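# Architecture at a glance
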Amino acid sequence: MNGGGQALAAPQFAPAPRLPLATVVVAIILLGAAAAWIWPPLQRWPAEWAIPFRDWVTQAFVWFSAAAKPVTRALSWLLSWPLWLSEALLFRGFPALNLPPLPWVAIVGGTAILGHWAGGRRLAIFCGLSAFYLAIFGLWQDAMQTLSIVLVTVPLAAALGLALGLWATRNARVERVLNSVFDVMQATPHMAYLGPVVILFGFGQVPAMLATFGFALPPMARCTILGLRTVPQDVIEAGRMAGCTPRQLLWKVEIPAAEKTLMLGLNQVVMQTLAMVVIASLVGASGLGQKLLFSLQQLQIGKAVEQGVAITLIAIVLDRLTQAYMRKVPEHSAPKTGFIVRHPHISLFLLLLAASGAAAGFFHAFAVLPKELTLSYGGPINSAVRWVSKELFPYIKPLRDWLTVWLMLPLRNFYLWLPWPVMLGVLAAIGYHFSGWRLALLPVCLFGFMMLAGFWEPLMLTIYLVTGATILCVLIGIPIGIWAAHSPRAARVTRGVCDTLQTFPSFIYLIPVIMLFQTSDVSNVIAMLAYATVPAIRFTYLGLLRVPAATTEAAVASGATKWQRLRKVELPIAFPEILLGINQTIMMALAMVAITALIGSRDLGQEIYKALPGADTGRGLLAGLGIAFIGITADRLIGAWAMQRKRLLGMA
Amino acid sequence: MTEQPKISCRHLWKVFGSDPAGFLARHAHAPTSENFAAGRHIGAVRDVSFDVYPGEILIVMGLSGSGKSTLIRAITRLNDPTSGEIIFEGKDLLKASSAELIEIRRHKMGMVFQHFGLLPHRTVLSNVAFPLEVRGAAREERDARAREMIRLVGLEGRENYFPRELSGGQQQRVGIARSLAVGPDVWFLDEPFSALDPLIRREMQDEFLRLQKLLRKTIVFITHDFDEAIRLGDRIGIMKDGKLVQLATPEVMVSSPADDYVREFTRNAPRDRVLTVGSIALPVPAPLNGVNILASAKIGEAAPIVLASEKPIAVIDAEGRSIGAIDRAAMIRALYPEERT
């Protein structure tokens, strides 16, 4: 309480005289370089001085997994039942009862009906066609397998997230603890969750579901907290005055009134679950993700594209369905009408189910689409890829090589040379400059820990890749954002592209990158780029949009040219917002680090990936934490910078 | 009035700060403004006492920040007051357990909110039936009662609409119907018409007066609009800085404001519709003749007759006895007091 008050009060007084940041940084670099030259351990922390944290963690996990075996076994057993049921319904059938699964015709039709119910005709067509794609290209069983994990995990994760969120709204201390835990959980890449889960639960579908929780819970809990906080006071008071008990108030007033925000949380849960299910193929979760992984590893690009498109379609369908439901407003219906009139969608689906069930009895093709009837466009894609690598690669290669020589190699050499005291010192100086001692200490502790644990080189290589990707993202994203802010048509197009790009599971980005750039550091950076440019664009656009009209008009009235207006008025005001966009970009680039390990790298992502098959929990977990630490450090430093700018502009 | 009050507030305090109760105790339950400034506490409601009598409309008027919303929330215990007593039906509401409080709210209190407080996911019918639903009424019973209330506020045919499909005025009608559904003894209205357009506001005020003629509830009505207070209130209490500055009928308030703050409000009051002839009659005997004026008549109604007459006109009470007279000069003085000319 006191600290907060002081922090708020601080700008009121003249700040203590400080050396300019640039001077301090230069001094640290010179001193550090000189010291490292005199005494080499100050350049690189000797490997023999490393503290074996990773072995300790691994041993602890081995011990813990043995101790927790009864619990983990019971949990796996419990979770396997709903999974069995949904798999049986969707594609396995019930052999014991001699019952077939739901006919594919019914599921395709049902998806379309669901789309119509949630969002109208256009969504219905999109949903129906997407489901049909899965069937006609012979991906049905894999897709249904992926879907069944999603169907079981989402309700569980949503319920658990809701419960956590409710707990946090009732107890301020719980909220504080959860918030910091969620920060770390969300900054840790998906893949790092897989290691511990494998140790505890083994390989397969159930561990995949459990790993999903780590990513799906925080957004749900956060949306719950936010949703309940923003229920209008009048509504809550009306509920209390109506004589609600606390329980009635929660279930009949607060939760229904917060429905929109809760649905946003559910949307996040669905998307995170799908993303995780795909990645969880690394620990043996079968389904589309696994098939895609195999195709990528065998460089069967045609197949990979087919499967990638399928995953993307599932993601977009789930995203649009939950979003449409979120926007859906209740319509009043005429009273006293029959079931069919009141529930046309359910009725239609039941009819379709009965009809397709009956038809499936006579013609097997209605139950399961026979292989002869499926299509494939993998062949043409393969020849296209061959053509691209033959015809286009000669043109792309110079770009790749140019980037390698002029951006990637210098950056890499710089980070690898950087003596550790310089790195820690500069980060501490930045933290101190923008906030104070606590922020100066944070990066020193986090990065210092990674160094002691013997992860300095992969840490630096990760920072190098992320820096490279961020530089390119900023160079590409900010101009696009500026363009979109000044042209409504550009804004429409950009928004559509951004929305779609963000629904893609991160895996997908690897496909075109391998096609075009083959494997190299530049490919990794390009994959991050495709994934992480969106926030740079979006925040620039939003920041510029939020510049008050009166300010812009004043600039125009003062005779500023378009360019002067942008440079001297709009960009400075939008700057804090743009900073937050860059922050998001870094976060997403970091999330991609673990994924790009699949196409080869030497960074922390690779450490996680290598640790998986050997069940080297400590190595994978610490590497994952390392990525989270980079994320947290970047987030806090940039956040403090943005805050300082905002305060200067009087916008805080 | 010798009648038993329906609600009595006694020395009600609501203090905000880190230790409200301790703060009050340290200053012997009578902190001054200086104490508040020095003690880092805020007195939102300061030593407020008043009675509300059955069937009357008591208006609490004040500008934003005067503590009127805090006061009504203290009385309804939406926010517990720091100290004081609220006697409702012979018992101190502040001593009621939360279970008792829920019972009281389910049967004896109704409240209307400035921003309506409707549940967005429920239809009009379901919103109005909500208080009955939470107290456990059967579906048929609560629906029948809710339909009756909807008819009462003139929203028949909209039972299955959702709040967002209604205009602001209609939404507040739903809020009113809901607050009346339990058949409350006391009706609280917290700036019910402030969020509405002026024309609709006027219409809703008429609607409110019509309902009150029908229902005769005991009403505590909060507003920041002095015209509204004058139009609707039997008595008006004016609040400033958490204190009740004056509590009186509109007429007394206009004719003898307690201080400059109240006078500032009454300056532009429609005197012709507030003051009665009796209050400005001169205590001189006047012969009763063909034309006499009732003492309870508003001066606006009497003005045409008085101004048209050369001679003073007798003022009579309800029994027809002369209690004085009124002439042109007195009428003009009353309509246009010096400070306004």
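Rules used throughout
- Residues numbered from 1 in each chain as written.
- Chains lettered and ligands numbered in written order.
- Predicted model: local features only at pLDDT ≥ 70, side-chain atom pairs only at ≥ 80, totals over all residues.
- Heavy atoms only, no water.
- Helix = DSSP H or I, 4+ residues; strand = E, 2+ residues; numbered from the N terminus.
- Buried < 20%, exposed > 50% of the residue type's maximum accessible area, 1.4 Å probe, protein only.
- Contact = heavy atoms within 4.5 Å.
- Areas by Shrake-Rupley, 256 points an atom, 1.4 Å probe, with all protein chains shown as cover.
- Buried area = accessible area lost by both parts, 1.4 Å probe.
- Salt bridge = Lys/Arg side-chain N within 4 Å of Asp/Glu carboxyl O.
- Polar contact = N/O pair within 3.5 Å; in protein donor to acceptor, adjacent residues only side chain to side chain.
- Nonpolar A, V, L, I, M, F, W, Y, C, P; charged D, E, K, R; others polar.
- Phe/Tyr/Trp six-rings, centres within 6.5 Å; stacked < 30°, edge-to-face > 60°.
- Axes fitted to C-alpha atoms, helices over the stretch in contact; angles between N-to-C directions.
- Parallel < 35°, antiparallel > 145°, perpendicular 65-115°, else oblique.
- Core = buried A, V, L, I, M, F, W, Y, C linked by side-chain atoms within 4.5 Å.
- Pairing = 2+ DSSP bridges.
- Left-handed = near helix turned anticlockwise from the far one by under 90°.
- Expected span 1.5 Å × (residues − 1).
- Arc of directions from axis to C-beta.

Moving on: the overall build of chain B. The helix and strand inventory of chain B stands at 15 helices and 13 strands. Here the C-alpha coordinates of chain B stretch approximately 70 × 60 × 35 Å along the principal axes. Out of the 341 residues in chain B, the part that is buried amounts to 52%. Summarising the internal contacts of chain B: among those between residues at least 6 apart in sequence, 66% fall at separations of at least 24.

We now examine the overall build of chain A. Scanning chain A for helices and strands turns up 29 helices and zero strands. Dimensions of chain A, computed from C-alpha atoms along their principal axes, come out at roughly 85 × 60 × 60 Å. Among the 652 residues that make up chain A, the fraction classed as buried is 51%. For chain A, long-range pairs separated by at least 24 residues make up 80% of all intrachain contacts whose partners lie at least 6 apart in sequence. As displayed, chain A offers around 31,300 Å² of accessible surface, 69% of which is attributable to carbon and sulfur atoms.

Moving on, we come to the interface of chain B and chain A. Each side of the interface is counted separately: chain B has 30 residues, and chain A has 23 residues. A combined buried area of about 2,200 Å² lies between chain B and chain A, and 60% of that area is made up of carbon and sulfur atoms. Interface area lost by chain B to chain A is led by Leu 78, Arg 105 and Asn 160 of chain B, which between them contribute 21%. Counting across the interface, chain B meets chain A through two salt bridges. Between Glu 237 of chain A and Arg 73 of chain B there is a salt bridge, with its nearest N and O atoms 2.6 Å apart. Where chain B meets chain A, there are eight residue pairs in polar contact (both at pLDDT 80 or more). Top element by residues in the side of chain B that touches chain A is helix α5 (residues 124–134) of chain B. It accounts for four residues. Taken together, the residues of the side of chain B that touches chain A sort by class into 15 nonpolar, six polar and nine charged.

Residues and elements named next belong to chain B. Scanning the entire structure with this criterion turns up 29 aromatic pairs over all chains. Judged by centre distance (5.8 Å) and plane angle (40 degrees), the rings of Trp 187 and Phe 208 are tilted. In this pair, Trp 187 is assigned in strand β7 (residues 186–190) and Phe 208 in helix α8 (residues 198–215), connecting sequence segments 21 residues apart. Among the residues examined, Trp 187 registers a relative accessible area of 0% and is labelled buried.

All names here are of chain A. Where helix α27 (residues 562–596) contacts helix α29 (residues 617–648), the axes come no closer than 9 Å and their chain directions differ by 175 degrees. One finds that α27 runs roughly antiparallel with respect to α29. Seen from α27, the contacting residues are Phe 575, Pro 576, Glu 577, Leu 579, Leu 580, Asn 583, Ile 586, Met 587, Leu 590 and Val 593; seen from α29, they are Ile 627, Ile 630, Gly 631, Ala 634, Asp 635, Ile 638, Trp 641, Ala 642, Arg 645 and Lys 646. Residues that form the contact of α27 with α29 fall into these classes: 14 nonpolar, two polar and four charged.

Our focus in this paragraph is the nonpolar core. By size, the foremost hydrophobic cluster in this structure holds 176 residues, and its most contacted members are Met 144, Leu 194, Phe 447 and Leu 459 of chain A. Ranked by residues supplied to this core, first place goes to α27 of chain A with 15 residues. Not counting chain neighbours up to four residues away, the residues in contact with Phe 447 of chain A comprise Met 423, Leu 424, Leu 427, Trp 456, Leu 459, Ile 463, Phe 629, Ile 630 and Thr 633 of chain A. Ala 146, Phe 193, Ile 238 and Ala 281 of chain B belong to the second-largest nonpolar core, a separate cluster that totals 65 residues.

Residue and element names in this part refer to chain A. Applying the stated criterion across every chain yields a total of 40 salt bridges over all chains. Where Asp 401 meets Lys 397, a salt bridge forms, and the shortest distance between an N and an O atom there is 3.1 Å. Of this pair, Asp 401 and Lys 397 both sit in helix α19 (residues 378–417), four residues apart, roughly one helical turn. One network of salt bridges, in which partners are shared, links Asp 183, Arg 222, Asp 635 and Arg 636.

Residue and element names in this part refer to chain B. Considering the arrangement of structural elements, one finds Asn 127 in helix α5. With a relative accessible area of 0%, Asn 127 lands in the buried category. Residues within four places of Asn 127 in sequence aside, it is in contact with Leu 118, Leu 119, Arg 122, Pro 163, Val 174 and Arg 178.

All names here are of chain B. Ordered in space as β6-β7-β8-β3-β9-β10, the six strands form an open sheet in which the pairing is mixed. Each of the sheet's edge strands pairs with one partner strand only, and the pair in question is β6 (109–112) and β10 (243–248). Averaged over all pairs of adjacent strands, the angle between strand axes in this sheet comes to 15 degrees, irrespective of strand direction. Where strand β9 (residues 235–240) meets β10, five bridges bridge the pair, whose relative direction is antiparallel. Following the sheet pairing, Ile 236 is matched in β10 by Ala 248.

Here the focus is the sheet that holds strand β1 (residues 7–16) of chain B. All names here are of chain B. Across the sheet, which stays open at both edges, the four strands sit in the order β2-β1-β4-β5 with antiparallel pairing between neighbours. For this open sheet the edge positions go to β2 (42–52) and β5 (91–92), each flanked by a neighbour on one side alone. Note that strand β4 (residues 83–88) and β5 share two bridges and pair antiparallel. Looking across to β5, one finds that Ile 87 is bridged to Asp 92. In this fold helix α3 (residues 68–75) packs onto β1, β2 and β4, with an angle of close to 120 degrees to the strand it touches most, β1.

This next bit is on the environment of Lys 217 of chain B. Residue and element names in this part refer to chain B. Residue position: Lys 217 is located in the loop between α8 and β8 (218–223). A C-alpha to C-alpha distance of 6.2 Å links Lys 217 and Asp 185, two positions 32 residues apart in sequence. When residues no more than four places from it in sequence are discounted, the contact partners of Lys 217 are Gly 55, Glu 56, Leu 180, Gly 183, Pro 184, Asp 185, Trp 187 and Gln 212.

This brings us to the side chain of Ser 194 of chain B. Residue and element names in this part refer to chain B. With respect to the element layout, Ser 194 can be found in the loop between β7 and α8. On the basis of relative accessibility, which here comes to 18%, the residue Ser 194 falls in the buried class. For Ser 194, the side chain forms a polar contact with the side chain of Glu 191, separated by 2.6 Å. If we ignore the near neighbours within four places in the chain, the residues touching Ser 194 are Gln 114, Arg 201 and His 224.

Moving on, we come to the pairing of β2 of chain B. Residues and elements named next belong to chain B. For β2, the tally of buried residues reaches eight of eleven residues, placing the bulk of the element in the interior. Pairing of β1 with β2, which is carried by seven bridges, proceeds in the antiparallel orientation. Bridge pairing links Lys 14 to Val 45 in β2.

Here we take up the packing of helix α9 (residues 190–201) of chain A against α29 of chain A. For any two helices packed against each other, the geometry is given by the interaxial angle and the distance between the axes. All names here are of chain A. Direction vectors running N to C along α9 and α29 enclose 150 degrees, while the axes themselves pass 8 Å from each other. Our classification of the angle between α9 and α29 gives roughly antiparallel. Taken as a pair, α9 and α29 cross one another with a handedness that is left-handed. Residues Ala 192, Gly 195, Pro 196 and Ile 199 of α9 form the contact with α29, whose own contacting residues are Thr 617, Gly 620, Leu 621 and Gly 624.

Residues and elements named next belong to chain A. Its 18 residues give helix α2 (residues 21–38) an end-to-end C-alpha distance of 26 Å, which sits within 8% of 26 Å, the value for a rise of 1.5 Å per residue. Of all the positions in α2, only Val 25, Gly 32 and Ala 36 are classed as buried. When α2 is viewed along its axis, its buried side chains cluster within an angular range of 40 degrees and face the same direction. Within α2, the exposed residues directed more than 90 degrees away from the buried face are Leu 30, Leu 31, Trp 37 and Ile 38. Where the residues of α2 are buried, they touch α20 (420–434).

With that settled, the discussion passes to unusual backbone geometry. All names here are of chain B. Of note in the backbone geometry, His 11 takes a positive phi value of approximately 50 degrees without being a glycine. With respect to the secondary-structure elements, His 11 resides in strand β1. Taking the relative accessible area as the measure of exposure, His 11 reaches 48% and is therefore partly exposed. Of note in the backbone geometry, Ala 28 takes a positive phi value of approximately 55 degrees without being a glycine. Tracing the backbone shows Ala 28 in the loop between α1 (20–26) and α2 (33–39).

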